[in-house]
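# Working through the structure, step by step
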Amino acid sequence: MIGGVALRVTSPVLVGRVAEAAQLWAAFERAVAGSPATVVVAGEAGVGKTRLVSELLARARAHGALALVGGCLDVGEGVVAYAPMVEALRPLGELLGPEELERVLAGARPELARLVPELGAPVASVSSRGGSVGAEATGVLEPGRLFELLLGVLHRLAERGAVLLVVEDLYWADRSTRNLLGFLVRNLRGGVALVLTYRSDELHRRHPLRGFLAELERSGRVERLELGRLGRRELGELLAGILGEPPAPALVDEILARSEGNPFFAEELLAARVGGVGGSAELPEALRDLLLARVEALPEATQRMLQVAAVAGRRVDHDLLAEVAAQPPERLVELLREAVTHHLLVVDGGSGAYAFRHALVQEAIYDDLLPVQRPPLHAASAHALAARIEGEGGAGAAELGRLAYHWYAAHDLGRALLASVQAGQAAEAAFALAEAAGHYERALELWEQAPEAAANSPLDRSSLLQRAAQAASRVGEGARAVALINQAPAVPGGRLPGRRAAGRRRAGVRPRPARLGPGRQAPADRQGLPGAPRPGCDHLL
Ligand SMILES: Nc1ncnc2c1ncn2[C@@H]1O[C@H](COP(=O)(O)OP(=O)(O)O)[C@@H](O)[C@H]1O
Ligand SMILES: [Mg+2]
């Protein structure tokens, strides 16, 4: 160990999970043999879902399969509709080469490039972030068409060899992603294995994922894999893997008692013990306290940087962190190095961004902030993001969604309103209609509270209501659409006013229709900005 910190916190070898790995592999082989195969992996946070599917991905790759993975993002990341698909498809160009990519994308290329800009033909005017809000409109693509296009791509990929698609953390999936996955489960033919993971703890009774999972189960097309905790022998192996030598039986007993066999807990307990945090007698029972004790053992400045990062999201890139943390570059590097050395942050290999080593770390730090501490940190994130967006002359839908979230959490209602309108327009253009409706609803919710911003909104209240209602109705949420229409100001004949209606005149705003560019970045969106009502249910199978 160096300076009281274990060289590693994770075991280089996968322990146990023989039956589970075999079940996943069997499903993959069934897909290879021509049958559809979908497995839903459930388990509490930290139990090893990511680790298990990572092994499957590596094994499938070693067998020459095309193994793609994407994760759903939580709120702190900004809500990106179809985020897992965007992430999974992003590396296709590199993996396939230009000619094969052209064949696989076929005619869908321009449309899919609106979702995943990396798939577009190189066009000088389109930035790598996917164009800007000011670019010319290309119209809204119906989600159903997008689903068909993606299905076609997956099938064409499967023609050249087996495909494994892993979608992680369904717990955070936006509605559009759930709808897409439901469609894929129903329609995927052989050659493609689909593995979905979700966090089964904290799935409260009304969580939208419940209905989705029930639908999947009823479809009879998915099998379930419940990942349990590790037993004593496996836990001993895990500790041995981390320590590089067999652990003392008393240590195994102690960590087993406290972690109850949850590998992430066990790793944290060991790290805390090795780092001398708390002292074993007072080691707090709850993981949250344990994690926080590890954080609190770090110098103040590192803690503050971690708080800033926790507010920014699960993953944050260096430049943004530098702006928000307001530290000189060399100092920031020192602080980051400390957080990485203590296994609180990890460097994300592909992007070079910093990520919390596990979502639980970020959640613990975020939750520990006092309510008065959060808004200014969100505001700092929002300012940094807004400056970046302005510098780049526009933003993809992902960033706009994230911006709206930060302004709202910063309690800056005016900016939250305007950003929500923009995020809604971006989501609409990027086929994420349910999320677009959510953004518009958020803007409407703020309408009365932020009259100045409302007067400057590119869409007036009537248009927002109309577009939100249209979006909701197009994704099959009739009740939600009706509720929105009922909020429209009464006009003679009781019909929803048109675009040039009273609201805009009242607000004194000239009509300025949403114009969203081709090759836009990933659809942004979030389902459930804090407190946003999400009536209706998924439209799925
Ligand atoms: N079977 C295992 N063998 C070795 N390490 C494991 C195993 N399962 C989980 N871990 C480790 O425990 C931690 C949490 O696992 P992770 O897969 O991230 O959990 P989840 O995705 O279920 O939240 C990770 O550091 C992971 O490497
Ligand atoms: Mg995970």
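Scroll up to find the structure.
Residues numbered from 1 in each chain as written. Chains lettered and ligands numbered in written order. Predicted model: local features only at pLDDT ≥ 70, side-chain atom pairs only at ≥ 80, totals over all residues.

## What to know about the sheet that holds strand 2 (residues 66-71)
Stated formally: Only when DSSP finds a minimum of two bridges between them are two strands counted as paired. In DSSP terms, a helix is any run of H or I states spanning at least four residues, a strand is any run of E spanning at least two, and both are numbered starting from the N terminus. Axis definition: a line fitted to C-alpha atoms, over the contacting stretch in the case of helices. Angles run 0 to 180 degrees between N-to-C directions. For the purpose of contact definition, each residue receives a C-beta atom placed from its backbone, and two residues are in contact when these atoms lie within 7 Å.
With parallel pairing, the 5 strands of this open sheet are ordered in space as 2-3-4-1-5. With one partner strand each, in any of the chains shown, strand 2 and strand 5 (222-226) form the two edges of the open sheet. Neighbour-to-neighbour, the strand axes of this sheet turn through a mean angle of 15°, independent of strand direction. For strand 3 (residues 163-168) and strand 4 (residues 192-199), the ladder comprises 5 bridges, and the chain directions are parallel. When the bridges of strand 4 are listed, Val163 appears paired with Val192. In the packing of helix 7 (residues 143-159) onto the sheet, the strands contacted are strand 2, strand 3 and strand 4, and the crossing angle to strand 3 comes to about 140°. Sheet contacts for helix 9 (residues 208-219): strand 1 (37-43), strand 4 and strand 5; angle to strand 5, the most-contacted strand, approximately 125°.

## Topic: the site of ligand 1
Convention followed: Note on definitions: a residue is near a molecule or strand provided its C-beta atom, placed from the backbone, lies within 6 Å of it. Gly is put with the polar residues, along with every residue not named as nonpolar or charged; the nonpolar set is Ala, Val, Leu, Ile, Met, Phe, Trp, Tyr, Cys and Pro, and the charged set is Asp, Glu, Lys and Arg. The source of the domain bounds is an automatic or database domain assignment.
Neighbouring ligand 1 are 19 residues; Gly48, Lys49, Thr50, Arg51 and Pro263 lie closest to it. Going through the elements one at a time, helix 2 (49-62) and helix 12 (263-274) are the ones with two or more residues in the shell around ligand 1. Class assignment for the residues of the shell around ligand 1 results in 7 nonpolar, 8 polar and 4 charged. Counting only domains with at least three residues in the shell around ligand 1, you end up with domain 1 (18-120 + 145-226) and domain 2 (232-292).

## Details of the packing of helix 21 (residues 433-447) against helix 23 (residues 461-474)
Under the convention used in this document: Between 65 and 115 degrees an angle is taken as roughly perpendicular, under 35 as roughly parallel, over 145 as roughly antiparallel, and anywhere else as oblique. Left-handed is the label given to a crossing in which the near helix is rotated counterclockwise from the far helix by less than a right angle, and right-handed is the label when the rotation is clockwise.
It is the contact of helix 21 with helix 23, at a shortest axis distance of 8 Å, that shows an interaxial angle of 150°. In terms of orientation, helix 21 lies roughly antiparallel with respect to helix 23. Here helix 21 and helix 23 pass one another in a crossing that is left-handed. Within the contact between the two elements, helix 21 uses Leu433, Ala436, Ala437, Tyr440, Glu441, Ala443, Leu444 and Trp447 and helix 23 uses Arg461, Leu464, Leu465, Arg467, Ala468, Ala471, Ala472 and Arg474. Considering only residue class, the contact of helix 21 with helix 23 consists of 12 nonpolar, no polar and 4 charged.

## Some points on unusual backbone geometry
For Ala326, which is not glycine, the phi dihedral falls at a positive 50°. Mapped onto the elements, Ala326 comes out in the loop between helix 15 (318-325) and helix 16 (329-341).

## A word on the nonpolar core
The test is simple: Any set of buried Ala, Val, Leu, Ile, Met, Phe, Trp, Tyr and Cys residues joined through C-beta atoms within 7 Å is what this text calls a nonpolar core. With C-beta atoms placed from the backbone, a residue is buried if 20 or more other C-beta atoms are within 10 Å of its own, exposed if 12 or fewer are, and partly exposed between those counts.
Among the nonpolar cores identified, the biggest contains 159 residues, and Phe28, Val163, Leu164 and Val195 are the most heavily contacted of them. A domain-level breakdown of this core finds at least three residues from each of domain 1 (18-120 + 145-226) and domain 2 (232-292). Val195 has contacts with Leu24, Val39, Val41, Val53, Leu56, Leu164 and Val166, leaving out every residue within four places of it along the chain.

## Structural notes on the sheet that holds strand 6 (residues 315-316)
A sheet is described by the order of its strands in space; here 3 strands give the open sequence 6-8-7, paired in antiparallel fashion. Either end of the sheet is taken by a strand with one partner, and the two such strands are strand 6 and strand 7 (345-347). Strand direction decides the pairing type here: strand 7 and strand 8 (residues 354-356), joined by 3 bridges, are antiparallel. Its bridge partner lying in strand 8, Leu345 is registered against Phe356. Helix 16 rests against strand 7 and strand 8 of the sheet, and its axis sits at about 105° to strand 7.

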